[in-house]
Amino acid sequence: MRFGGVAANQLKAVMNTIEVIEPVAVEVTVNGQRYQREVEPRMLLVQLLREELRLTGTHIGCDTTYCGACTILLNGDPVKSCTVLAVQADQGEVLTVEGLEKDGKLHPLQEAFSEHHGLQCGFCTPGMLMSAYALLADNPAPSRQEIRKGIAGNLCRCTGYENILNAVAAAAEEMRGE
Amino acid sequence: MYPAPFRYHRANSVDEAISLLSDLGDGARALAGGQTLLIWMKLRFDEPSDLVDLGRIPELSYMDHDDAEVRIGALTTHGRIAASPIAARIPIVRDCANGIADYQVRNRGTIGGSVAAGDPACDWPALLHTLDAEILCKGPNGERSIDIKDFIEDLYATALEDAEIVTGIRFKMPAANSAGAYVGFKRCAPAYPTATAGVQLTLTDGDICEDVRIALGSAGLTPIHAIDAEAELRGKPLSEKNIEQAAEAAVAACDPVDDQRGSPAFKRSVLRVLVKRAVGIAVRRCGGESVESSHEYY
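Residues numbered from 1 in each chain as written. Chains lettered and ligands numbered in written order. Predicted model: local features only at pLDDT ≥ 70, side-chain atom pairs only at ≥ 80, totals over all residues. Heavy atoms only, no water.

Student: Whenever I open this one, the overall build of chain B confuses me. Can you help?
Tutor: Helix and strand content of chain B: 12 helices and 15 strands. Expected size for 298 residues packed as a compact globule is a radius of gyration near 19 Å; at 19 Å, chain B falls within 12% of this value. Its C-alpha atoms give chain B principal-axis dimensions of roughly 60 × 40 × 30 Å. Counting across all 298 residues of chain B, residues that qualify as buried make up 56%. Relative to all contacts within chain B whose residues are 6 or more apart in sequence, the contacts with residues 24 or more apart total 62%. Split by element, the accessible area of chain B, about 11,700 Å² in all, is 49% carbon and sulfur. Side-chain charges in chain B split into 31 positive and 43 negative, and the spacing between the mean points of these groups amounts to 5 Å. (Helix = DSSP H or I, 4+ residues; strand = E, 2+ residues; numbered from the N terminus. Rg over C-alpha atoms; globule rule 2.2 N^0.38 Å. Buried < 20%, exposed > 50% of the residue type's maximum accessible area, 1.4 Å probe, protein only. Contact = heavy atoms within 4.5 Å. Areas by Shrake-Rupley, 256 points an atom, 1.4 Å probe, with all protein chains shown as cover. Lys, Arg positive; Asp, Glu negative; His and termini not counted. Charge placed at Lys NZ, Arg CZ, Asp CG, Glu CD.)

Student: I would appreciate a short explanation of the domain arrangement of chain B in the present structure.
Tutor: Size of an interface: often given as the accessible area lost when the parts come together. Residues and elements named next belong to chain B. If you check the domain split of chain B, you get domain 1 (7-53), domain 2 (68-172) and domain 3 (178-297). Counting residues at the interface gives 12 residues for domain 1 and 17 residues for domain 2. Buried surface at the junction of domain 1 and domain 2, summed over both partners, amounts to about 1,100 Å²; 72% is from carbon and sulfur atoms. Its largest share of buried area at the contact with domain 2, domain 1 owes to Ile-18, Gln-35 and Trp-40, together 43% of the area lost on that side. (Domains from an automatic or database assignment. Buried area = accessible area lost by both parts, 1.4 Å probe.)

Student: Please explain the packing of aromatic side chains as it appears in this structure.
Tutor: Any aromatic ring pair is given by two values, namely how distant the centres are and how the planes are angled relative to each other. Residue and element names in this part refer to chain B. Counted by the stated rule, this structure contains one aromatic pair over all chains. An angle of 75° between the planes, with centres 5.1 Å apart, marks the rings of Trp-40 and Tyr-156 as edge-to-face. Here Trp-40, found in helix α2 (residues 37-42), pairs with Tyr-156, found in the loop between β8 (152-154) and β9 (157-158); they are 116 residues apart in sequence, far enough to count as distant. What makes Trp-40 buried here is its relative accessible area of 18%. What makes Tyr-156 partly exposed here is its relative accessible area of 46%. In this structure, Arg-106 is placed above the aromatic ring of Tyr-103, and the distance from its NZ or CZ to the ring centre is 4.8 Å. (Phe/Tyr/Trp six-rings, centres within 6.5 Å; stacked < 30°, edge-to-face > 60°. Lys NZ or Arg CZ within 6 Å of the ring centre and 35° of its normal.)

Student: Where do I start with unusual backbone geometry in this structure?
Tutor: As a rule of thumb, non-glycine residues mostly have phi less than zero, and peptide bonds are mostly trans rather than cis. All names here are of chain A. Positive phi, normally seen in glycine, also occurs at Asn-31, with a value near 50°. Within the secondary structure, Asn-31 is located in the loop between β3 (24-30) and β4 (33-39). Here Asn-75, not a glycine, exhibits a phi torsion of approximately 50°, which is positive. Within the secondary structure layout, Asn-75 lies in the loop between β5 (71-74) and β6 (77-80).

Student: How should I be thinking about helix α1 (residues 14-24) of chain B in this particular structure?
Tutor: One turn of an α-helix holds 3.6 residues; hence residues three or four places apart share an orientation. Residue and element names in this part refer to chain B. Turning to α1, its buried residues number three or more, namely Val-14, Ala-17, Ile-18, Leu-20 and Leu-21. For α1, the angular spread of the buried residues around the axis is 160°, confining them to a single face. At its buried positions, α1 is contacted by β1 (7-10), β2 (28-31), β3 (50-53), β6 (134-139) and β10 (165-172). At the exit of α1 stands Gly-25, carrying a positive phi of roughly 80°. (Arc of directions from axis to C-beta.)

Student: Teacher, can you tell me more about a negative patch on the surface here?
Tutor: All names here are of chain A. A cluster of like negative charges, contributed by Glu-111, Glu-115, Glu-173 and Glu-174, occupies part of the molecular surface. Listed by contribution, the elements that provide at least two residues to the negative patch are α3 (108-115) and α6 (162-175). By the element assignment, Glu-174 lies in helix α6. Judged by relative accessible area, Glu-174 falls into the exposed class, the value being 52%. (Patch = residues over 30% accessible without salt bridge, like charges linked within 9 Å, V, L, I, M, F, W, Y side chains within 5 Å. Salt bridge = Lys/Arg side-chain N within 4 Å of Asp/Glu carboxyl O.)

Student: It is not clear to me how the sheet that holds β3 of chain B should be interpreted in this structure. Could you clarify?
Tutor: Strand pairs in the sheet, formed through backbone hydrogen bonds, run parallel or antiparallel to each other. Residues and elements named next belong to chain B. The strand order across the open sheet formed by three strands is β1-β3-β2, and the pairing between neighbours is parallel. At either end of the open sheet lies a strand with only one pairing partner, and these are β1 and β2. The average angle at which neighbouring strand axes cross in this sheet is 25°, direction not considered. Sheet topology places β1 next to β3; four bridges connect them, and they run parallel. Each residue of the ladder has a partner; that of Arg-10, found in β3, is Asp-53. Against the sheet, α1 touches β1, β2 and β3, its axis set at about 170° to β3. (Pairing = 2+ DSSP bridges. Axes fitted to C-alpha atoms, helices over the stretch in contact; angles between N-to-C directions.)

Okay, structure coming up:
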């Protein structure tokens, strides 16, 4: 038998040189729901979220810890999920953009991004929202400069950031009940 | 983008990590926060056969200080250091910890990983040169401490032996009349710095430079200890002129590489400004002034 021009015995010889890597058990709680998976050690957290759990709200942008599109909260802290192995998140609590909405109602940050045109193409938005969420959890009344610093690890190529700053400031005000 | 396949091992203690690394041999790497190593692996700069995850070893995550000494465990993240009493007491440490990348990276990246990577663009090695720190290591032959100047040997090369890991760092608590500043310039928060400068200054009688240490980061293949620049200031009253001369001597000591962060000539002009700026902030802090400072970016 031939597979794409390769004889079966040749294919078998190649296969024998490829070592099978033992999968590792990972258990994570994502947006309040617990998941268990057996994953390859090299699987990144963002791939676990997107490809295994089908939570595709978290985006992969630069894939090199630059752009912040893949930002999620791991045990309460914003991290770039393209630079965390799924196995490193074992037993962890993850919050993704899908977890912001409650009972069919958008989070005030999501409302504010919509209201203040805090996005154009929307690619960076999930990461922006998660960084802003972490910022406001830490500092409910940030100055404009503090918002800039809070989202400094998230790049946006459309908006020029001004409307994002407006949106975060408006959401902060809303969340403080002002 | 996947790294090349590897086997994963989780170490529960330092001794277990050393024994795993020892058994697994040359292809194995220790994984701390992964903010340098995982990127290298994704870009296939490195293809380890095995990763030994140090991330859950409780004994590696600590911060201690008294009036004599500061000790920080290898697994302590930049973010935790930035928010610590150590950073509150020693502003140069806060400058560095807060200047590294962005919140996300600071939440994962560790001081031990930054040191062990031997990457001249990492901030901690340059800061630790400024503070004349020692790197605490443990391997199959036991524990030892290595001066930072001997620890970083070359580009991506450290004094770590096979199966030896960084367990922490320590440095002397700066004297009451000593203060420093660590400043850098980068294109945006997540970018590695174009260049950085650390200055730790000890002043007597207001403006006499009793002692000084100056180190430069991203200024060559290893952090640069600018000894000639220090000689321009040590034992003298500080003046605009000798600060300028010190900056010149620091620039002469550096050997920046040509890369996407700028040409050597550009980096030298940045370094000249950074050294002067760091001296200025250090002087103000020696005078008891509280000065907020960190890396600058557009």
